[in-house]
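Listed below, chain by chain, are the residues.
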There are 2 protein chains.
Amino acid sequence: MSEDVDLPESHPRYESLLTRHRIEAGVDRGITSRQGLIAQGRGEAFDYLLGERTIDSADDAERAAAAHLLSAEHAVISVNGNAAALVPGELVELAEVTGADLEVNLFNRTEERIEAIADYLREHGATDVKGLTADGRIPGLDHERAKVDADGIGAADVVLVPLEDGDRAEALGEMGKTELVIDLNPRSRSAEVATVPIVDNIIRAIPNITEHARALRGDPDAQRDAIDTFDADSALTDAERTIREGDLE
Amino acid sequence: MSEDVDLPESHPRYESLLTRHRIEAGVDRGITSRQGLIAQGRGEAFDYLLGERTIDSADDAERAAAAHLLSAEHAVISVNGNAAALVPGELVELAEVTGADLEVNLFNRTEERIEAIADYLREHGATDVKGLTADGRIPGLDHERAKVDADGIGAADVVLVPLEDGDRAEALGEMGKTELVIDLNPRSRSAEVATVPIVDNIIRAIPNITEHARALRGDPDAQRDAIDTFDADSALTDAERTIREGDLE
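As the structure is a computational prediction, the values presented were derived from the model and not from experiment.

Undergrad: With reference to specific residues and values, describe the interface of chain A and chain B.
TA: Facing 31 residues of chain A, the contacting portion of chain B comprises 31 residues. Taking both partners together, chain A and chain B bury about 2700 Å²; carbon and sulfur atoms supply 58% of that area. When residues of chain A are sorted by the area they lose upon contact with chain B, Arg34, Arg244 and Leu248 of chain A head the list and together hold 26% of the total. For the interface between chain A and chain B, the tally reads six salt bridges. Broken down by secondary-structure element, the contributors of at least two residues to the side of chain A that touches chain B are α1 (14–28), α2 (34–50) and α12 (232–245) of chain A. A total of 12 residues in the side of chain A that touches chain B trace back to one element, the largest contributor, which is α2 of chain A.

Undergrad: Could you give an account of the relation of the copies chain A and chain B, with specific residues and numbers?
TA: Of the transformation placing chain A onto chain B, the axial shift is 0.0 Å and the rotation is 179°, giving an RMSD of 0.0 Å. The transformation relating the two chain copies, once decomposed into turn and shift, fits a two-fold axis. Both copies present the same face, since 97% of the interface residues in chain A are matched by interface residues at the equivalent positions in chain B.

Undergrad: Please give an account of the pattern of salt bridges that cites residues and values.
TA: Scanning the entire structure with this criterion turns up 43 salt bridges over all chains. As a salt-bridge pair, Arg204 of chain A and Asp47 of chain A come within 2.7 Å of each other at their nearest N and O atoms. Of this pair, Arg204 of chain A sits in helix α10 (residues 202–216) while Asp47 of chain A sits in helix α2; the two residues are 157 residues apart in sequence, bridging distant segments of the chain. You'll find Arg204 of chain A and Asp47 of chain A in the same group, each marked buried. One salt bridge connects Lys147 of chain B with Glu144 of chain B, and the closest N-O pair in it is separated by 3.2 Å.

Undergrad: Give me the lowdown on helix α3 (residues 56–71) of chain A, citing residues and values where you can.
TA: Since there are 3.6 residues in each turn of an α-helix, residues three or four apart along the chain are aligned in direction. The end-to-end C-alpha distance of α3 of chain A is 23 Å, a good match for the 22 Å that 16 residues give at a rise of 1.5 Å each. Among all positions of α3 of chain A, only Ser57, Ala58, Ala61, Glu62, Ala64, Ala65, Ala66, Ala67, His68, Leu69 and Leu70 of chain A are buried.

Undergrad: Break down the confidence of the model for chain A for me, citing the residues and quoting the values.
TA: Considering every residue of chain A, the mean pLDDT works out to 92; 96% of them sit at 70 or more. Here the predicted complex scores 0.88 on pTM and 0.86 on ipTM.

Undergrad: Can you explain the UniProt feature "binding site: ATP" (unreviewed entry) in chain A? Please cite residues and give values.
TA: Residues and elements named next belong to chain A. Sequence positions flagged by UniProt for "binding site: ATP" (unreviewed entry) are, in local numbering, Arg20, Arg42, Asp183, Leu184, Asn185, Arg189, Ser190, Asn201 and Ile202. Judged by maximum C-alpha separation, these annotated positions cover 183 residues in sequence and are scattered in space, the widest gap reaching 26.3 Å. According to the relative accessible area criterion, Arg42 is partly exposed, its value standing at 28%. With respect to the helices and strands, Ser190 occurs in helix α9 (residues 189–193). In this structure, Ser190 is in contact with Glu164, Asp165, Gly166, Ala169, Val181 and Asp183, ignoring residues within four places of it in sequence. Polar contacts involving the side chain of Ser190 include one to the main-chain carbonyl oxygen of Glu164, which spans 2.7 Å.

Undergrad: Please give an account of the environment of Pro207 of chain A that cites residues and values.
TA: Residue and element names in this part refer to chain A. Tracing the sequence through the fold places Pro207 in helix α10. Exposure remark for Pro207: the relative accessible area of 33% places this residue in the partly exposed category. Counting along the chain gives 149 residues from Pro207 to Ala58, while the straight-line C-alpha distance between them is 13 Å. In this view, Pro207 contacts Glu90 and Ile202; residues no more than four positions away in its chain are not counted.

Undergrad: So, a negative patch on the surface: which residues are in play, and what are the values?
TA: All names here are of chain B. On the surface, a cluster of negative charge is made up of Asp219, Asp221, Asp225 and Asp228. Mapped onto the fold, Asp228 is located in helix α11 (residues 220–229). With relative accessibility at 55%, the residue Asp228 sits in the exposed group.

Undergrad: Lay out the packing of aromatic side chains in plain terms, naming residues and giving numbers.
TA: Across all of its chains, the model carries two aromatic pairs over all chains by this definition. Taken together, a centroid distance of 6.4 Å and an interplanar angle of 75° make the contact between Phe46 of chain A and Tyr48 of chain B edge-to-face. Taken together, the positions of Phe46 of chain A in helix α2 and Tyr48 of chain B in helix α2 (residues 34–50) put the pair across two chains. Just above the ring of Phe107 of chain A sits the side chain of Arg145 of chain A; from NZ or CZ to the centre is 3.8 Å.

About the criteria used
- Residues numbered from 1 in each chain as written.
- Chains lettered and ligands numbered in written order.
- Predicted model: local features only at pLDDT ≥ 70, side-chain atom pairs only at ≥ 80, totals over all residues.
- Heavy atoms only, no water.
- Contact = heavy atoms within 4.5 Å.
- Buried area = accessible area lost by both parts, 1.4 Å probe.
- Salt bridge = Lys/Arg side-chain N within 4 Å of Asp/Glu carboxyl O.
- Helix = DSSP H or I, 4+ residues; strand = E, 2+ residues; numbered from the N terminus.
- Least-squares fit on C-alpha atoms with pLDDT ≥ 70 in both.
- Buried < 20%, exposed > 50% of the residue type's maximum accessible area, 1.4 Å probe, protein only.
- Expected span 1.5 Å × (residues − 1).
- pLDDT = per-residue confidence, 0-100.
- UniProt positions renumbered as here; feature names shortened; annotations may be inferred.
- Polar contact = N/O pair within 3.5 Å; in protein donor to acceptor, adjacent residues only side chain to side chain.
- Patch = residues over 30% accessible without salt bridge, like charges linked within 9 Å, V, L, I, M, F, W, Y side chains within 5 Å.
- Areas by Shrake-Rupley, 256 points an atom, 1.4 Å probe, with all protein chains shown as cover.
- Lys, Arg positive; Asp, Glu negative; His and termini not counted.
- Charge placed at Lys NZ, Arg CZ, Asp CG, Glu CD.
- Phe/Tyr/Trp six-rings, centres within 6.5 Å; stacked < 30°, edge-to-face > 60°.
- Lys NZ or Arg CZ within 6 Å of the ring centre and 35° of its normal.

Have a look at this one:
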């Protein structure tokens, strides 16, 4: 099914058609895996229950995430297949605005897919893409899952991990890193272990983090405030309540 | 990710690993589409909220569905890509036990995929597979979506449509057919328009309908009773309540 994306943003299905188009392009480019397509479907179901909108507590989380990225010593945005397919240009823009590195990091790592994703990010304006050296290791994970760049995620104090696997989110947390996780299931392990869990669709979350980063840039007091006032537990509780009360029709 | 399916049925992840393995095989065989993988993910999320079990109201629905198939003049089991990938042998067995026809019927129809699915069903023991003639039409749908066999779904009084698209489920209902729908979202249009909505994972639902059919076979009074005592609205309400109260952890 090929969809025309030459649609006005006001179209009621704009976001879902855009998403579908980008995922299809991701498959064609060898970026999105079979597991990625199934994961996309799981996300769609949770987003549907959430009302396909950024709830207030997610907006707070996105503001806190922007503040963490800006005030980090060394922030890295981890990019997997679905993230690259869904928001390639938006990730590049967020990295630019916050000064974070982009690092390709796959659950099912193949050199071909890493290269395809790095190329795709470069086509969308990225100048430096990490993840190809893979000379660092996350302790506690098996070999292939553990690979990171030593001077990328390995050395980062803050990592944004959209759509991350639970085991790896947990292992990154145990390394003492500040983890910013985007996950539509508020009770996933990734969301539970995050310093800042963002329960929102990545297609809305990334541009909104960038917008907050623009507003917070150069204002360390406002950054500190955004970080201090954010409460992960109450954000997760709020997201769960919204999903449970969500419209199934 | 290739999973070993040489697992004991008592394995806690048996069902989910079996599902994953069958979906992968379906992709390899050209049976499962990209859209099918995304739909599989949406189903997984709802099944997770449902507790990955057959709730009592779904078991009632499966019993009523078995009764409808047995007491039909002409019952047809519609088979799409995901249904064929997930429960090929189970669909053939259900058709045998109830005397229903099997008809391949795709949302994104291509001759290649129809042939691949028909072959797959034959490998699993089907002797007669409909859907290749496509000489009938469902009124109210555009050309490709409307195609059915005139002597199959076209002539059926009872159709079992697992995982059906909302538009088509609605159009089939308007033809006056008794529709038995398997859908994990109790508020999908397909579930809402069904005579018998079955809110359950197809991998559990089909074998359970077959088991009920074996018990009800040759007993018209019990079949009538299973049909009369089933209440679609209360089954949907019960499924929705279970999903809302479901464990997110």
